[in-house]
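Residue-level structure breakdown
These are the residues of each chain, in order.
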Amino acid sequence: SEGSPAGKHVAVFAFPFATHAAPLLSLVQRIAAASPATAFSFFSTEKSNLACFPGGRGGEGSECPNVMAYDVWDGAPEGYVPSGTNLVEAVEIFLRAVPGNFESVLEAVERERGRKITCLLTDGFYWFAADMARERSVPWVPVWTASPCALLAHMETDSIRQIRGTSDMTLDAIPGLSTMRMMDMIKEIFDTTAPLPTMVYRMGQVLPQAAAVVSNSFGNMDPIVERELRSKLRRFLDVGPFVLSPPPPLSDEHGCIPWLDQQETASVVYVSFGSMIRPPPHEVTALVNALDKAASPFLWSYRSDAEAEVPQALLEKAAAGKRGKVVPWAPQLHVLRHRAVGAFVTHCGWNSVLESMIGGVPMVGRPFFGDQCMNARAVEAGWRIGAAVEGGAFTEEATAAALERVLAGEEKEGMRERAGALKEKALKAVEEPQGSSTKNFEALVEIVTG
Ligand code: UDP
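Computed from a predicted structure; not experimentally measured. (Residues numbered from 1 in each chain as written. Predicted model: local features only at pLDDT ≥ 70, side-chain atom pairs only at ≥ 80, totals over all residues. Heavy atoms only, no water.)

1. Let's talk about the overall build of the protein
Our working rule: Secondary structure elements are defined from DSSP: runs of H or I of at least 4 residues count as helices, runs of E of at least 2 residues count as strands, and each element is numbered from the N terminus. Only C-alpha atoms enter the radius of gyration; for comparison, a globular chain is expected to reach 2.2 Å times N to the power 0.38, where N is the number of residues. Only protein chains enter the calculation, and the probe is 1.4 Å; a residue is then buried if its accessible area is under 20% of its type maximum, exposed if over 50%, and partly exposed in between. Contact criterion: two residues are considered in contact whenever any of their non-hydrogen atoms come within 4.5 Å of each other. Positive residues here are Lys and Arg, negative ones are Asp and Glu, while His and the chain termini are left out of the count. Where a charge sits is defined by one atom per residue type, namely NZ (Lys), CZ (Arg), CG (Asp) or CD (Glu).
Looking only at helices and strands, the protein features 18 helices and 13 strands. The C-alpha atoms of the protein give a radius of gyration of 22 Å, which matches the 22 Å a tight globule of 450 residues would have. A burial count over the protein gives 55% of its 450 residues as buried. Look at the contacts in the protein between residues 6 or more apart in sequence, and 71% of them connect residues 24 or more apart. Averaging the positions of the 41 positive and the 53 negative side-chain charges in the protein gives two centres separated by 4 Å.

2. Let's talk about the pairing of strand E11 (residues 341–346)
The side chains of a regular strand alternate, first on one face of the sheet and then on the other. Heads up, the condition is: One bridge is not enough; two strands pair if DSSP finds at least two bridges between them. The crossover handedness rule: strands pointing away from the viewer, path from first strand over the helix to second strand clockwise, crossover right-handed.
Across the six residues of E11, six count as buried, placing the element largely inside the fold. The sheet contact formed by strand E8 (residues 268–272) and E11 spans five bridges and is parallel. Note that in E11 the partner of Val268 across the bridge is Val341. One crossover worth recording links E11 to the parallel strand E12 (residues 363–365) by way of helix H14 (residues 350–359), and it is right-handed.

3. Things to note about the packing of aromatic side chains
Each aromatic ring pair is characterised by the separation of its centres together with the angle its planes make. Rules: Classification of ring pairs rests on two measures: the distance between centres of Phe, Tyr or Trp rings, Trp counted by its six-membered ring, which must be within 6.5 Å, and the angle between planes, read as stacked under 30 degrees, edge-to-face over 60 and tilted in between.
Applying the stated rule across the entire model yields 20 aromatic pairs. When the ring of Phe13 is compared with that of Phe43, the centres are 5.5 Å apart and the planes differ by 90°; the resulting orientation is edge-to-face. Of this pair, Phe13 sits in strand E1 (residues 9–13) while Phe43 sits in strand E2 (residues 39–45), and the two are 30 residues apart along the sequence. Accessibility assignment for this pair places Phe13 and Phe43 in one class, buried.

4. Considering the site of the ligand
Put simply, the rule reads: Note on definitions. A residue lies near a molecule or strand when any single heavy atom of the residue is within 4 Å of it. Identification of polar contacts relies on pairs of N or O atoms within 3.5 Å, with a donor-acceptor requirement for protein atoms, meaning one able to donate a hydrogen and the other able to accept it, and with residues adjacent in sequence counted only if both atoms are side-chain atoms. All accessible areas in this document rest on Shrake-Rupley with a 1.4 Å probe, and a residue is counted as covered only by the protein chains that are shown.
Near the ligand there are 17 residues, and of these Ser275, Ser301, Ala330, Ser352 and Glu355 occur at the shortest range. Between His347 and the ligand, the recorded distance is 3.0 Å, taken from a side-chain N or O atom to an oxygen atom. Ser352 has a polar side-chain atom sitting 2.6 Å from an oxygen atom of the ligand. Here the ligand has 540 Å² of accessible area as a free molecule, and 89% of this is covered by the chains. Among the secondary structure elements, those contributing two or more residues to the shell around the ligand are E8 and H14. Looking at the shell around the ligand, the element that brings in the most residues is H14, giving four residues.

5. A closer look at the environment of Gly370
Note that Gly370 resides in the loop between E12 and helix H15 (372–382). Discounting residues that sit within four places of it in the chain, Gly370 has contacts with Ile186 and Glu188.

6. Observations concerning the nonpolar core
For clarity, the threshold we go by: Residues belong to a common nonpolar core when they are buried Ala, Val, Leu, Ile, Met, Phe, Trp, Tyr or Cys residues joined through side-chain atoms within 4.5 Å.
Ranked by internal contacts, the top residues of the largest apolar core, which has 89 residues, are Phe13, Phe43, Leu177 and Trp383. With residues up to four places along the chain from it excluded, the contact list for Phe43 reads Ala11, Val12, Phe13, Ala14, Tyr70, Val72, Phe102, Val105, Leu106 and Val109. Membership of the second largest hydrophobic core comes to 32 residues, among which are Ala32, Phe42, Val214 and Phe441.

7. Observations concerning helix H1 (residues 21–34)
This is how it is decided: Multiply 1.5 Å by the residue count of a helix minus one, and that product is the helix's expected span.
Given a rise of 1.5 Å per residue, 14 residues ought to cover 20 Å, and the 20 Å separating the end C-alpha atoms of H1 matches this to within 8%. Listed as buried for H1 are Ala21, Pro23, Leu24, Leu25, Leu27, Val28, Arg30, Ile31 and Ala32.

8. What to know about the sheet that holds E2
Definition in use: Angles shown run from 0 to 180 degrees and are taken between the N-to-C directions of axes, each axis being a line fitted to C-alpha atoms and, for helices, limited to the stretch in contact.
Read across the sheet, seven strands follow the order E3-E2-E1-E4-E5-E6-E7 without closing on themselves; strand pairing throughout is parallel. Both outer strands of the open sheet, strand E3 (67–72) and strand E7 (236–238), are each paired with one neighbouring strand and no more. Within this sheet the neighbouring strands show an average axis-to-axis angle of 20°, counted without direction. Pairing of E1 with E2, which is carried by five bridges, proceeds in the parallel orientation.

9. Some points on the sheet that holds strand E10 (residues 324–327)
Judged by pairing direction, the sheet is parallel, and its six strands sit side by side in the order E10-E9-E8-E11-E12-E13 without closing on themselves. Since the sheet does not close on itself, it has two edges, and those belong to E10 and strand E13 (386–388), each with one partner. In this sheet, neighbouring strand axes are inclined to one another by 15° on average, regardless of whether the strands run parallel or antiparallel. Sheet strands in contact with helix H11 (residues 281–294) are E8, strand E9 (298–301) and E11, and its direction is about 165° off that of E9. Running over the sheet, helix H16 (residues 396–407) touches E8, E11, E12 and E13 and is turned about 170° from E13.

10. Some thoughts on unusual backbone geometry
A cis amide bond links Gly240 to the next residue, Pro241, at an omega of -10°. Within the secondary structure, Pro241 is located in the loop between E7 and helix H10 (256–261). In the segment running from Glu432 into Pro433, the intervening peptide bond is cis, with an omega of -5°. Counting through the fold element by element, Pro433 comes out in the loop between helix H17 (412–429) and helix H18 (436–449). The residue Ser137 is not glycine, and still its phi comes out positive at about 50°. Of note, Ser137 is situated in the loop between helix H5 (129–135) and strand E5 (140–144). Residue Ala266 is not a glycine yet carries a positive backbone phi of 55°. Within the secondary structure, Ala266 sits in the loop between H10 and E8.

Rendered as structure tokens:
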């Protein structure tokens, strides 16, 4: 029973921004299903929990009865009005509240559920969990939801900071990062004072203390990076792609799939910039014009924006001749697995890159921040399954050129083949019972609940 003192109790600390909490929750639900007697307490902000638990707080009667959600303070003082959609500001305010916000709720939850925690499973960012776990003599298992190469860059921060050279110089001296250029590096790596950079720096320092670091990637996706991480961490467990175990049910309220069914194989360009990014209006216009020039059908997941009325009108015009479809949200994984999709114009957020690999779809990358630049570089120069937009922003010419390379140029076949090979690897990794991700998941369950 919940009150049994011997009962296991896993505390999960989510990072409530970007696409972090949802993949973590999907992993937790899977572990919870594998260990029904273990209690899981999922801590995030109220806003994040509302999005992750649309049906309530989990627990009794829900799909995962042994997972319960609890709210922690988002750090905002009473009456605080966030200034628009400034993510950095919200993150900084939140970071001022950690770890106290987690600690106070954790203690209350331990009393309520009648179980001390026996494991701390946290977002990879949470350096402070190393101390919390040590004080409680429980294992700390951070979950890295971005790309493995970004994780490696954070662990190599001291070496990267010492490199002197031009921005297009490659990091040849650092195994695993040798295809990366200085300009692709996460810019937080070079900042020694702001809150977010301080967090990821500390994280890189303490991750080797973790019982295991979990990654949303799959074996042999990036062998040198994986080898380096294995040598630096006590255990590196790649158990991904999370989204394949099991794939989410299709929810397609805007009719994307029936529309794709009517299109020719590998003809459609799918456009999406994840959950937060809205490219500036002039870039949207440039992309619309480039799509027009390529004369490819397109499906665009577009979040409207008061400032972007002009591109919105343009988009609608482009969509008018039935050549395009514009929706506020698409069932992305299912879209990328559809035979009609031939290219993905993306910000190269890690979930998007993985989902594109799962679909075997080549990418056109227009990264904005964080690990997106590294991911775009890996797509173009590492895996060679796509083209980054030259100059780093959508202009009509550069975008048309990148689309041409992926859809029609002589590199197209090779890109499709390599993307298809990665897709096969991803599918093999999650096979039961022998896939590498399947086996690593079993090891993870043992560490977290054993
Ligand atoms: N996504 C989706 N439909 C959309 C746009 C995005 O399902 O119309 C999902 C996408 O499948 C991915 C996530 O949102 O799982 C975006 O994650 P990513 O790491 O790429 O970007 P972020 O949101 O963190 O910027």
